[in-house]
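# Tertiary structure, described
Take a look at the letters that make up each chain.
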Amino acid sequence: MLRGRPAVTHTRTHTHMSSVSGSSSAAGPREVELVLVKEQNGVQFTSSSLRSPGAHANTHTHTHTHPSGQQRETWGKKIDFLLSVIGFAVDLANVWRFPYLCYKNGGGAFLVPYLFFMVIAGMPLFYMELALGQYNREGAAGVWKICPIFKGVGFTVILISLYVGFYYNVIIAWALFYLFSSFSGELPWIHCNNTWNSPNCSDLNATLLNDTYKTTPALEYFERGVLHLHESSGIDDLGVPRWQLTACLAVVIVVLYFSLWKGVKTSGKVVWITATMPYVVLTVLLLRGVTLPGAIDGIKAYLSVDFLRLYDAQVWIEAATQICFSLGVGFGVLIAFSSYNKFSNNCYRDAIITSSINSLTSFFSGFVIFSFLGYMSQKHNVALDKVATDGPGLVFIIYPEAIATLPGSSVWAVIFFIMLLTLGIDSAMGGMESVITGLIDEFKFLHKHRELFTLFIVVSTFLISLICVTNGGIYVFTLLDHFAAGTSILFGVLIEAIGIAWFYGVDRFSDDIQEMIGQRPGLYWRLCWKFVSPCFLLFMVVISFATFNPPKYGSYYFPTWATMVGWCLSISSMIMVPLYAFYKFCSLPGSFCDKLAYAITPETDHHLVERGEVRQFTLHHWLVV
């Protein structure tokens, strides 16, 4: 963290001590002593400290440096990190959101704006977060020692991840409920002779999709058999938690706890299953799907190219929105995961690999989804757009309905819902890890009590999530989904990009990356970080406000007070940025200029402020790229 930094080489050894020589513009040459404290279950714990010049050290280097001098575990294997990042970024939205957007917005033509925004904003921001966490080796809040006044954005993303956990775990609980229900001779969403069915229910074999007054058994199973939505009149009539869903939610929470309680040495092993299983299942489902009648028509509709759709601004907006949310930037997860990397890990290569895999998975899942939707379209003799949908309705209503018509439907249902579980679990693990790592790195006394603190976080999440498994829980779920990580996540990433590229400085950030991987980011990346990505994010924040629509579920429109509660939730995370900036500014000593200088200067350079050497007060700092 010293300003004059040489490039650092990396050699993996089992040495007990290593040193890296450097020079400081303030205090002359120093040495950093790195001690391998212990190695346990493949996880290496290291500690570093400054030594006086001339002190003896071995010639072997092992660059697990931690600027704070605190012990920090690292991933047991590189693949643990890659699978964790892929598992987090590839989630349910890759299956239920991207294929539908592609179909709705010109098929293959949609890939043009999607890939354009991926290259100018998605990958640069992904790379930025991985490098930020790896260099500073702390969670989403702790990394802002590079520019203390922006630390509030760290708390913003931690809060957002916490809010998302309140309802995301409920989706996994629904999938678990469906999985248990699939272990039966006959799937419960095939017929209308169940206790939860209404008179409007019409059997699956009937051609009913053109009749707006009829409902399918699959729809009624989800809304009446699972959610018991018919027993609630709205968000002001929730009822008590359903014990079946509560039990499923409890199982999810237990799995999350034992995946996270020991840190990356447990979560890094869990992702070997949860991150790879979806690819196996998607491949199996695709092989089955393409053999169904009408499947090829569905795939053709998915890929049909309509370049005239590119004249529609909404297509570009939806592509930009999908990029923002699909990569998982802004939740603090990428920062938390990369903070456990070895210091010299090639985060540039990781960013390219993992972001590319995420997008390819989205594209691949479209073939799986639309092969079955084409089959449903032909089976019911209706247009494809009558069955094509996105969101929970696709995976809990339309897809189960299609599976129910296949021979051996129970087996296919079990396979499908196992995929949903694994897609959800590792994304939920990432969100939880962001909260846990962010807070224990900020409040150091929690390091010794990680297991208890993890228990506190998951139990708290469970208790609040109970409101989403009541009779009217879907309304709370919809409200949280609409407000918890919408405008607020875009705002958080915008402030993050400005703080790093402009206040910390894209040149200094590039120096940090060169110190880690021995290669300075190219001009393209630096231009994206400084100009393109912030402008893109500012545009997205403005668009999110301009195109805001009040939440609704089906034909139910939320009352005004519920929308106001949703905005309060969204603002509660965003307000952390100005609140912390005000607190930090007021708590610093000196005149207004002194306070400002300390607030925007990295903590390791505060001695330069005392000498009046503030880089941010020079024109060169703001103009250099």
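Residues numbered from 1 in each chain as written. Predicted model: local features only at pLDDT ≥ 70, side-chain atom pairs only at ≥ 80, totals over all residues. Heavy atoms only, no water.

### Brief notes about the overall build of the chain
- Regarding its fold elements, the chain presents 24 helices and six strands.
- Relative to all contacts within the chain whose residues are 6 or more apart in sequence, the contacts with residues 24 or more apart total 78%.
- For the chain, the accessible area works out to roughly 24,100 Å², and carbon and sulfur atoms hold 66% of it. (Helix = DSSP H or I, 4+ residues; strand = E, 2+ residues; numbered from the N terminus. Contact = heavy atoms within 4.5 Å. Areas by Shrake-Rupley, 256 points an atom, 1.4 Å probe, with all protein chains shown as cover.)

### Some points on the confidence of the model for the chain
- For the chain, the average pLDDT comes to 87, and 87% of its residues sit at 70 or higher.
- Low pLDDT, under 50, characterises residues 1-63; the stretch is placed with 144 contacts to residues that sit more than four places away or in other chains. (pLDDT = per-residue confidence, 0-100.)

### Description of the state of the cysteines
- Taken as a whole and judged by the stated rule, the model has one disulfide.
- The disulfide partner of cysteine 192 is cysteine 201, and the S-S distance across this bridge is 2.0 Å. Residues cysteine 192 and cysteine 201 share a disulfide whose torsion about the S-S bond is about -70°; that sign makes it left-handed.
- Look at cysteine 192 and you get partly exposed, because its relative accessible area is 21%.
- Given a relative accessible area of 11%, cysteine 201 falls into the buried group. (Disulfide = S-S within 2.5 Å. Buried < 20%, exposed > 50% of the residue type's maximum accessible area, 1.4 Å probe, protein only.)

### Considering the side chain of serine 362
- Along the polypeptide, serine 362 turns up in helix α13 (residues 347-380).
- The exposure class of serine 362 is buried, given its relative accessible area of 0%.
- A distance of 2.6 Å separates a polar atom in the side chain of serine 362 from a polar atom in the side chain of asparagine 94. (Polar contact = N/O pair within 3.5 Å; in protein donor to acceptor, adjacent residues only side chain to side chain.)

### Digging into empty space enclosed by the protein
- One pass over the structure, following the stated rule, counts five cavities of 30 Å³ or more.
- Taken as a whole, the largest cavity holds about 80 Å³ of empty space.
- Forming the boundary of the largest cavity are Ala121, Gly122, Leu125, Ile323, Cys324, Leu327, Val329, Ile489, Leu490, Val493, Phe536 and Leu537.
- Breaking the lining of the largest cavity down by element, the ones donating at least two residues are α4 (111-136), α11 (313-326), α18 (487-517) and α19 (523-546).
- Across the lining of the largest cavity, the residue classes tally to 11 nonpolar, one polar and no charged. (1 Å grid on protein atoms, 1.4 Å probe; cavity = no way out; pocket = protein on both sides within 12 Å on 5 of 7 lines; lining within 4 Å. Points joined across faces, edges and corners; volume = space filled by probe spheres on them. Nonpolar A, V, L, I, M, F, W, Y, C, P; charged D, E, K, R; others polar.)

### Considerations on the nonpolar core
- Counting 200 residues, the largest nonpolar core has Trp174 and Phe396 as its most contacted members.
- The biggest single contributor to this core is helix α5 (residues 151-182), with 20 residues. (Core = buried A, V, L, I, M, F, W, Y, C linked by side-chain atoms within 4.5 Å.)

### Points about unusual backbone geometry
- Backbone geometry at arginine 137 places phi at a positive 50°, although glycine is not the residue there.
- Position of arginine 137 among the secondary structure elements: in the loop between α4 and α5.

### Notes on the environment of glycine 122
- Structurally, glycine 122 is set in helix α4.
- Residues glycine 122 and serine 355 lie 233 residues apart in sequence; the distance between their C-alpha atoms is 8.0 Å.
- Each residue touching glycine 122, except ones within four places of it in the same chain, is listed here: Phe117, Ile323 and Leu327.

### Details of helix α9 (residues 277-289)
- In this model, α9 (13 residues) spans 18 Å end to end at C-alpha, consistent with the 18 Å of a helix rising 1.5 Å per residue.
- The complete set of buried residues in α9 reads Pro278, Val281, Leu282, Leu285, Leu286 and Gly289. Buried residues in α9, looked at end-on, bunch into an arc of 135°, giving them a common side. Along α9, exposed side chains directed more than 90 degrees from the buried face belong to Val280 and Leu287. (Expected span 1.5 Å × (residues − 1). Arc of directions from axis to C-beta.)

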